[in-house]
Amino acid sequence: MPIFEYKCMDCGEKFEKLITGNEKVECPKCGKAKLQKLWSVFGVKSGDKFTPSSGSGCSTCSASSCDSCGIA
Ligand SMILES: [Zn+2]
């Protein structure tokens, strides 16, 4: 899910907002909707992609050994 960072053009408050739909974003401080979108990131800061915890695995199957899919 994308997280957007906004800056309120009215009071200057900066905040991050997780957008789950077409919801209206308002400043948490003053309640205005005059917002400047600064940037967006996907997910949170901890870990950017899934990596198998054991074994090397492959991108085709989720198993740690690729006996089933045949890709070494
Ligand atoms: Zn504001």
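Refer to the preceding data block for the structure.
For the zinc ion, the full set of protein donor atoms is Cys8 (SG), Cys11 (SG), Cys27 (SG) and Cys30 (SG), at a range of 2.3 Å. Taken together, the four donor atoms surrounding the zinc ion define angles of 106 to 117 degrees at the centre, an arrangement classified as tetrahedral. Along the chain, the residues that donate to the zinc ion are spaced as C-x2-C-x15-C-x2-C.

Another aspect to go through is the nonpolar core. What tends to happen in soluble globular proteins is that the nonpolar side chains get buried as a cluster. Core analysis: the largest hydrophobic core is formed by eight residues, namely Phe4, Tyr6, Cys8, Phe15, Ile19, Val25, Cys27 and Leu35. Element by element, the count of residues in this core is highest for strand E1 (residues 2-8), at three residues. Excluding anything up to four places from it in sequence, Cys8 contacts Glu13, Cys27, Cys30, Lys34 and Leu35.

This part is about the pattern of salt bridges. The final tally for this structure, using the stated rule, is four salt bridges. In this structure, Lys34 and Asp10 form a salt bridge, with 4.0 Å as the shortest nitrogen-oxygen distance. Of this pair, Lys34 sits in the loop between strand E2 (14-18) and strand E3 (35-42) while Asp10 sits in the loop between E1 and E2; the two residues are 24 residues apart in sequence, bridging distant segments of the chain. A residue is classified by how much of its surface remains accessible, and Lys34, at 48% relative accessible area, is partly exposed.

Every regular strand shows the same layout, with side chains that alternate between the two sheet faces. Across the seven residues of E1, five count as buried, placing the element largely inside the fold. In terms of strand pairing, E1 meets E2 through five bridges, oriented antiparallel. Each residue of the ladder has a partner; that of Phe4, found in E2, is Lys17. Between E1 and E2, which pair antiparallel one after the other, the connecting turn spans five residues, and Gly12 there sits at a positive phi close to 85 degrees.

What follows deals with the packing of aromatic side chains. Applying the stated rule across the entire model yields two aromatic pairs. Ring centres of Phe4 and Tyr6 lie 6.3 Å apart, and the angle between their planes is 55 degrees; on these two criteria the pair is classed as tilted. Residue class for Phe4 comes out buried when judged on its relative accessible area of 16%. When the centroid spacing of 5.8 Å and the interplanar angle of 25 degrees are considered together, the rings of Tyr6 and Phe15 count as stacked. For the pair Tyr6 and Phe15, a shared accessibility class is recorded, and that class is buried. One aromatic cluster is present, built from ring pairs that chain together Phe4, Tyr6 and Phe15. Against the face of Phe4 rests Lys37, its NZ or CZ located 4.3 Å from the ring centre.

Rules and cut-offs
- Residues numbered from 1 in each chain as written.
- Predicted model: local features only at pLDDT ≥ 70, side-chain atom pairs only at ≥ 80, totals over all residues.
- Heavy atoms only, no water.
- Donors = N, O, S within 2.8 Å, 3.2 Å for Na, K, Ca; no water.
- Tetrahedral: all angles 85-135°; square planar, octahedral: opposite > 155°, others 65-115°.
- Core = buried A, V, L, I, M, F, W, Y, C linked by side-chain atoms within 4.5 Å.
- Buried < 20%, exposed > 50% of the residue type's maximum accessible area, 1.4 Å probe, protein only.
- Helix = DSSP H or I, 4+ residues; strand = E, 2+ residues; numbered from the N terminus.
- Contact = heavy atoms within 4.5 Å.
- Salt bridge = Lys/Arg side-chain N within 4 Å of Asp/Glu carboxyl O.
- Pairing = 2+ DSSP bridges.
- Phe/Tyr/Trp six-rings, centres within 6.5 Å; stacked < 30°, edge-to-face > 60°.
- Lys NZ or Arg CZ within 6 Å of the ring centre and 35° of its normal.

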